Amino acid sequence: MRLLRARQVTRRCGPQPGRRVYDDAVREALIVLWEASDRICGKRLRPLLPILVEAMERHGHLQRMLEVRSRLLAMSAATIDRALRDIRRQAGTAMHRRSAPSAAIRRSVPVRTFDGWDDPPPGFVEADLVAHSGPVARGSFVQTLVLTDIATGWTECAPLLVREQRLLTEVLGELRKLLPFPLLGLDTDNDSVFMNETVRDYCEKVGIEFTRCRPYRKNDLAWVEQKNGAVVRRTIGYRRFEGLEAAAALARLYAAMRLFVNFFQPSFKLAAKARDGALVRKRYHPPATPCQRLMADPRTNEEVRRRVQELRTTLDPVRLLQQIRAAQQQLVDIADRPALGETGKPTSPTLEQFLSGLRTAWKEGEVRPTSVAKGTPKRLRRRPDPFAAVTTELRGWFDPEPWHTSRELLERLQAQCPGVYPDGQLRTLQRRVKEWRREAAHRMVFGTMSADPALAPGDGERTLVSNVANSYSQ
């Protein structure tokens, strides 16, 4: 090739003009939509974009720019992930209960495996409990009851103040009122809170088909187990919640989260799975929200379609996300109250402030308050100060001659007070002298500074001063 072009370089370097399709305006709009969708991946965000853009324009959160909108809707999932790559880079165990249920109750409840569903209609759900016990599963703490529909992925959550079978049936009755379709089947694990006469008789009374999974086979409850992590743990975190106040805050959070997840959070659904030796090939349906799957299912009656459509037209995804963030912050305040106290609680932003913050929220890293680690209190002195009585005298020796070492000061103190200060207290005195030297270095540099801002040192001088102070303190 070099011979053919006679050693002439014809290759152009640098960006080629006219090749860029998505400009900064499209990228900024994509960032806002990504934040409004609770930071989901490109494959899930791509089918959500038409719904989200239409909802945000209807509520006045986005301007109606036809060119930007057309380019946003033309972006592929891979392009969305590439456009958000740098943004994502900058944005930053539960106890296994081994309760033995009654053998007679278990024998009366039929077993259903992972492959035993055979495409059921909407209404057959899997149920599980998520414990909010924190690092220690001791005492009483709040738990979350999770219901996940097999056909549509519709998810409902509700807090349980205590693990009690009568309370479980009451909460299950309230969740049946929230479901857009009748509850036809309930599939649970072998936990004693499910495997009892109260729950079994309740299901028989209201006409619910009650089944259970195989013991120690968590994959039999794969649908609800996936929602335990993707919905509950991702939103609530791993803090410990106990008491009526925490249960009420969780109920308010789930009231907003159920609408946001079921109407504005697309998810994948397994279509087929084939095994070739040790290799398993899985094929998924296109990502869709539970609401979309419910509307597209031919077994959904017209009354359910009408009620769901009326509810969907009234929902504002940005307002729902704002309510979720406020409830998450309230949960963090409740869980961390003994360590952080009652002061310094952040205020909840308004809807306008929250919407404007979506453009730059990726710069602050993790935005879910429940995902931020609990602050550890500062470790204070646990033993009495051995030099409390002679601190003034030691400081009087140090100030006129700050070049003396901690060992020399301790030897002088031992000579003055024999048998009172052993050699094992040298490290404590070294830390004390280190602080005194840092203060002396600060006085040497900044003690005679003028109050005039024009005479203040510049950035380079401040850096030099800081280096001198650090080296002197060492």
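Look above for the structure.
I will try to describe carefully the structure that is included in this document. (Residues numbered from 1 in each chain as written. Predicted model: local features only at pLDDT ≥ 70, side-chain atom pairs only at ≥ 80, totals over all residues. Heavy atoms only, no water.)

Description of the layout of surface pockets
The calculated volume of the largest pocket comes to roughly 1200 Å³. As for the largest pocket, its lining consists of 47 residues, of which Trp223, Phe268, Lys269, Leu270 and Tyr284 are closest to the centre. Looking at the lining of the largest pocket, the elements with two or more residues in it are β2 (143–149), α9 (222–236), α10 (244–264), β6 (270–276), β7 (279–284), α11 (290–296) and α13 (317–335). If one sorts the elements of the lining of the largest pocket by residue count, α9 sits on top with 8 residues. Residues belonging to the lining of the largest pocket are distributed by class as follows: 21 nonpolar, 11 polar and 15 charged. (1 Å grid on protein atoms, 1.4 Å probe; cavity = no way out; pocket = protein on both sides within 12 Å on 5 of 7 lines; lining within 4 Å. Points joined across faces, edges and corners; volume = space filled by probe spheres on them. Helix = DSSP H or I, 4+ residues; strand = E, 2+ residues; numbered from the N terminus. Nonpolar A, V, L, I, M, F, W, Y, C, P; charged D, E, K, R; others polar.)

Re the sheet that holds strand β3 (residues 155–160)
Spatial ordering of the open sheet is given by β3-β2-β1-β4-β5, a layout of 5 strands whose pairing is mixed. Each of the sheet's edge strands pairs with one partner strand only, and the pair in question is β3 and β5 (209–212). When strand polarity is set aside, the average angle formed by the axes of neighbouring strands in this sheet is 25°. Contacts from α9 reach β1 (124–131), β2 and β3, with the element oriented near 50° to β1. (Pairing = 2+ DSSP bridges. Axes fitted to C-alpha atoms, helices over the stretch in contact; angles between N-to-C directions. Contact = heavy atoms within 4.5 Å.)

So, a nonpolar patch on the surface
Among the surface-exposed residues, Phe268, Leu270 and Tyr284 lie close enough to one another that they form a single nonpolar patch of about 260 Å² accessible area. Within the secondary structure, leucine 270 sits in strand β6. (Patch = residues over 30% accessible without salt bridge, like charges linked within 9 Å, V, L, I, M, F, W, Y side chains within 5 Å. Areas by Shrake-Rupley, 256 points an atom, 1.4 Å probe, with all protein chains shown as cover. Salt bridge = Lys/Arg side-chain N within 4 Å of Asp/Glu carboxyl O.)

Thoughts on the pattern of salt bridges
Taken as a whole and assessed by the stated rule, the structure comprises 31 salt bridges. A salt bridge links arginine 306 to glutamate 310; the nearest nitrogen and oxygen atoms lie 2.9 Å apart. Note that arginine 306 and glutamate 310 are positioned in helix α12 (residues 302–313) at a spacing of 4 residues, about one turn of the helix. Note on glutamate 310: relative accessible area 44%, which makes it partly exposed. Salt bridges sharing common partners tie together Asp38, Arg234, Arg325 and Arg368. (Buried < 20%, exposed > 50% of the residue type's maximum accessible area, 1.4 Å probe, protein only.)

These figures capture arrangement, not role.
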